[in-house]
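Commentary on secondary and tertiary structure
The residues making up each chain are set out below.
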Amino acid sequence: MSEFEAIDALLAAAPDATPLPPAERRRELRDVLGLSRAQVARAMGVSSSTLAAWEAGRDPSGELRSRYVYFLRQAEEKHRANAAEVPVAPPSAQPEPALDTDDQSELAEPRPCVLCGQPAHHQVEGYPQHLDPAECAAPAPQQPAAPASPAPRPEATPATPATPTTPQRLVRSPGRGMKVVPVGRRAQAASQMPDLIGDAVAAALAEHAGDVDAATAALLKRAIPDAMALLDETRKGARYDVVAHPWVPDILRKQTARGADRIWEARPKWTRGELPPGAHEVTALDINGAYLSALKTHLPIGQLEHSTGFDHDNRRAGVHLITPPDWHHDEVLPNPLGNRDEPGPLWVTEPTLRLLLRLSGPKYGLCEAPEIHESFTSGATENLLEKFRIALKDARDQAIAADDEVTLEYVKAMYSKFVSTMGESNYNRELYRPDWMHLIRSQAFSNLWMKAFKAYDEGLTVVRAMGTDELHVIGDWRAVFPEGRGVTEVKLKDTYTVGEPHRMPEGERP
């Protein structure tokens, strides 16, 4: 590379120092062109809340700054071009405007008038204009002639109409197609869907003058009502009303004021009892978005109905009294039922029962089938909260891509508090479905168990499985799980060593 090429490369890599317009002008340019925040954010490759933060006064950096500067520059030019096309009345018919001196100022250098494009020496409300209409060269519109009295239609054959009478073919516009989404029985442009999450973040940042910590704290306080508002929005046009308080059996009610109900969620808290001699490097993995993923589970739609017998109906979901099978693999895998010391029957949720039935089938053959004694179930669907889950997932993905910690923490609080307050809670009076709360939680536990089994099946040594999102393994975990912050990925939480290097007895040689 020559010296001049090296200089060119250096200048090309230098940060863009182009000053950005004031915060209020950034939003004004977007609004005056009729663009939504979601549209601009998608074009910029950022989340709506990130764009809202820029419009509240925060400045982007790096390549995002260059892109935003380009957008604002082009938006300014587009706005001027649109304003130049607006016709004005001729000087003789246009009265002298009364200008507010606070919005009028003299320009240091002439700039193109927004009406005629010729040099102007003043600006009004930030727009270059001629103060004297006689100086403005904007073309006057042609005045239409006074309409004559209507004449009676002749009986003869009428003249050929100015517009064709045959229907015209629809012409497909060039460029990218418009994304549509289902809303009940109708379709709607995705850009028309309200961005409740982005708007809430934008409002919080504006209210707190761009203070990220203060805006985040305010958003976390309103996470539950905002989650319910989002649920309502995603359920518009749906067949079932999910915000209801149906009758629930006593097993789903707390036995004491501060006690628990009788449902066993199968929360894992397992540690492998023994490892081979020597030192082992253990990796603690964090399962991303555990509760968010668990929103996709079979949820009962209506009131739970009681039944007895051993059969399981895949079209229904609820809670079941079962005698669990014996588990003989504690040395390598956790019990799918979690840590339970008391023997005998117990009430479990739909995800736990389905997991046990799956593991007892011919594909796995790890245990006997559980014995079902009685059940409280209702007709169910796995997609009851799917639109709600997708809205949260998309907002989470966009926040991670844009390094938007405000939105990320807000979304996490929305789905985690949504799940935790479905039961007997003073924080969410709109939704009382303790059965859903137990089912979603146990679905997260079942998902973690399947992650542990996948690790074991792929040759990793499973050391610990805890809660909804923590899995400790020995081995090349990156060959089994994709690494990242996405919902389908895992991220590294910690690494540590168990045991000591093997020491040979004195007198022996390797």
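All of these numbers come straight from a predicted model, not from anything done at the bench. Note on numbering: residues in each chain are counted from 1, in written sequence order. Two thresholds apply to this predicted model, a pLDDT of at least 70 for residue-level local features and 80 or more for giving and counting side-chain atom pairs, whereas whole-chain, interface and lining totals are computed over all residues. Calculated side-chain values reflect all of the structure's heavy atoms, with hydrogen atoms and water omitted.

**Considerations on the overall build of the chain**
- On a plain count of helices and strands, the chain comes out with 13 helices and 16 strands.
- Note on contacts: a residue pair qualifies if any of its non-hydrogen atoms lie within 4.5 Å across the two residues. Long-range pairs, those at least 24 residues apart, make up 69% of the contacts in the chain between residues at least 6 apart in sequence.
- Where accessible areas are quoted, they stem from the Shrake-Rupley method and a 1.4 Å probe; at the residue level, only the protein chains shown are allowed to cover. Summed over its atoms, the accessible surface of the chain is roughly 30300 Å², and 51% of this surface lies on carbon and sulfur atoms. Helical segments are the DSSP runs of H or I of at least four residues, strand segments are the runs of E of at least two, and each set is numbered from the N terminus.

**Some points on the nonpolar core**
- Among the buried residues, those of types Ala, Val, Leu, Ile, Met, Phe, Trp, Tyr and Cys that are joined through side-chain atoms within 4.5 Å form a nonpolar core. Remark: exposure states derive from per-residue accessible area (1.4 Å probe, protein chains only) relative to the maximum for the residue type, with buried under 20%, exposed over 50%, and partly exposed in between. Among the nonpolar cores identified, the biggest contains 50 residues, and Ile197, Leu295, Phe388, Leu392, Met414, Phe418 and Ile440 are the most heavily contacted of them.
- Elements represented by at least two residues in this core include exactly α6 (196–207), α7 (212–221), α8 (223–234), α9 (290–294), β11 (316–323), α11 (386–401), α12 (405–420) and α13 (434–457).
- Counting residues per element, this core draws most heavily on α12, which supplies eight residues.
- Once you skip the residues sitting within four places of it in the chain, isoleucine 440 turns out to touch Tyr291, Ala294, Leu295, Thr297, Leu299, Leu385, Val419 and Met422.
- Judged by nonpolar contacts, the second largest core, of 15 residues, contains Leu460, Ala465, Val480 and Phe481.

**Some remarks on the pairing of β11**
- Most of β11 is tucked away: six of the eight residues are buried.
- Looking at chain direction, β11 and strand β13 (residues 371–381) are connected through eight bridges and run antiparallel. Within β13, the position partnered with glycine 318 by the bridge is threonine 377.
- Paired strands, as defined in this entry, are two strands with at least two bridges between them according to DSSP. Alignment of β11 against strand β12 (residues 346–349), held across four bridges, turns out to be antiparallel. Counterpart to leucine 321 in the pairing with β12 is tryptophan 347.

**Focus: the packing of α7 against α12**
- Orientation is described by lines fitted to C-alpha atoms, with helices fitted over the stretch in contact, and by angles between N-to-C directions that extend from 0 to 180 degrees. Here α7 crosses α12 at 15°, and the two axes come no closer than 9 Å. When the axes of α7 and α12 are compared, the pair comes out roughly parallel. The two elements α7 and α12 cross, and the hand of that crossing is right-handed. Where α7 approaches α12, its residues Val212, Thr216, Leu219 and Leu220 are matched on the opposing element by Val406, Glu409, Tyr410, Ala413 and Lys417.
- Gly is put with the polar residues, along with every residue not named as nonpolar or charged; the nonpolar set is Ala, Val, Leu, Ile, Met, Phe, Trp, Tyr, Cys and Pro, and the charged set is Asp, Glu, Lys and Arg. Classifying every residue of the contact of α7 with α12 gives six nonpolar, one polar and two charged. For classification, angles of less than 35 degrees are called roughly parallel, those exceeding 145 degrees roughly antiparallel, those between 65 and 115 degrees roughly perpendicular, and all remaining angles oblique. Whether a crossing is left-handed or right-handed is set by the direction in which the near helix is turned from the far one by less than a right angle, anticlockwise for left-handed and clockwise for right-handed.

**A few points about unusual backbone geometry**
- Located in the positive-phi region is alanine 209, a residue other than glycine, with phi close to 55°.
- Turning to its location among the elements, alanine 209 is positioned in the loop between α6 and α7.
- Residue class for alanine 209 comes out exposed when judged on its relative accessible area of 68%.
- Even without being glycine, aspartate 403 reaches a positive phi, approximately 55°.

**Regarding the packing of α8 against α12**
- Look at α8 against α12: their axes get within 8 Å of each other, and the N-to-C directions meet at 80°. Considering their axes alone, α8 and α12 lie roughly perpendicular with respect to each other. Listed contacts from α12 to Ala223, Ile224, Asp226, Ala227, Met228, Leu230 and Leu231 of α8 are Tyr410, Ala413, Met414, Lys417 and Phe418.
- Along the lines of polarity and charge, the residues of the contact of α8 with α12 split into ten nonpolar, no polar and two charged.

**Looking at the packing of aromatic side chains**
- Ring pairs are drawn from Phe, Tyr and Trp, using the six-membered ring of Trp, whenever the two centres fall within 6.5 Å, and their geometry is named by plane angle: stacked under 30 degrees, edge-to-face over 60, tilted for the rest. Per the counting criterion, the structure on display carries nine aromatic pairs.
- With a centroid separation of 4.8 Å and 45° between ring planes, the pair formed by tryptophan 54 and tyrosine 68 is classed as tilted. In this pair, tryptophan 54 is assigned in helix α4 (residues 48–55) and tyrosine 68 in helix α5 (residues 62–84), connecting sequence segments 14 residues apart. As far as burial versus exposure is concerned, tryptophan 54 and tyrosine 68 are alike and both buried.
- In this structure an aromatic cluster arises from ring pairing among Trp327, Tyr364, Trp449, Phe453 and Tyr456.

**Some thoughts on the confidence of the model for the chain**
- Confidence per residue, as judged by the predictor, is encoded in pLDDT with a range of 0 to 100. A residue-level look at the chain finds 76% of positions with pLDDT of 70 or above and a mean pLDDT of 82.
- Contacts of residues 138–176 to residues separated by more than four positions or lying in other chains number ten contacts, the stretch itself having pLDDT below 50.

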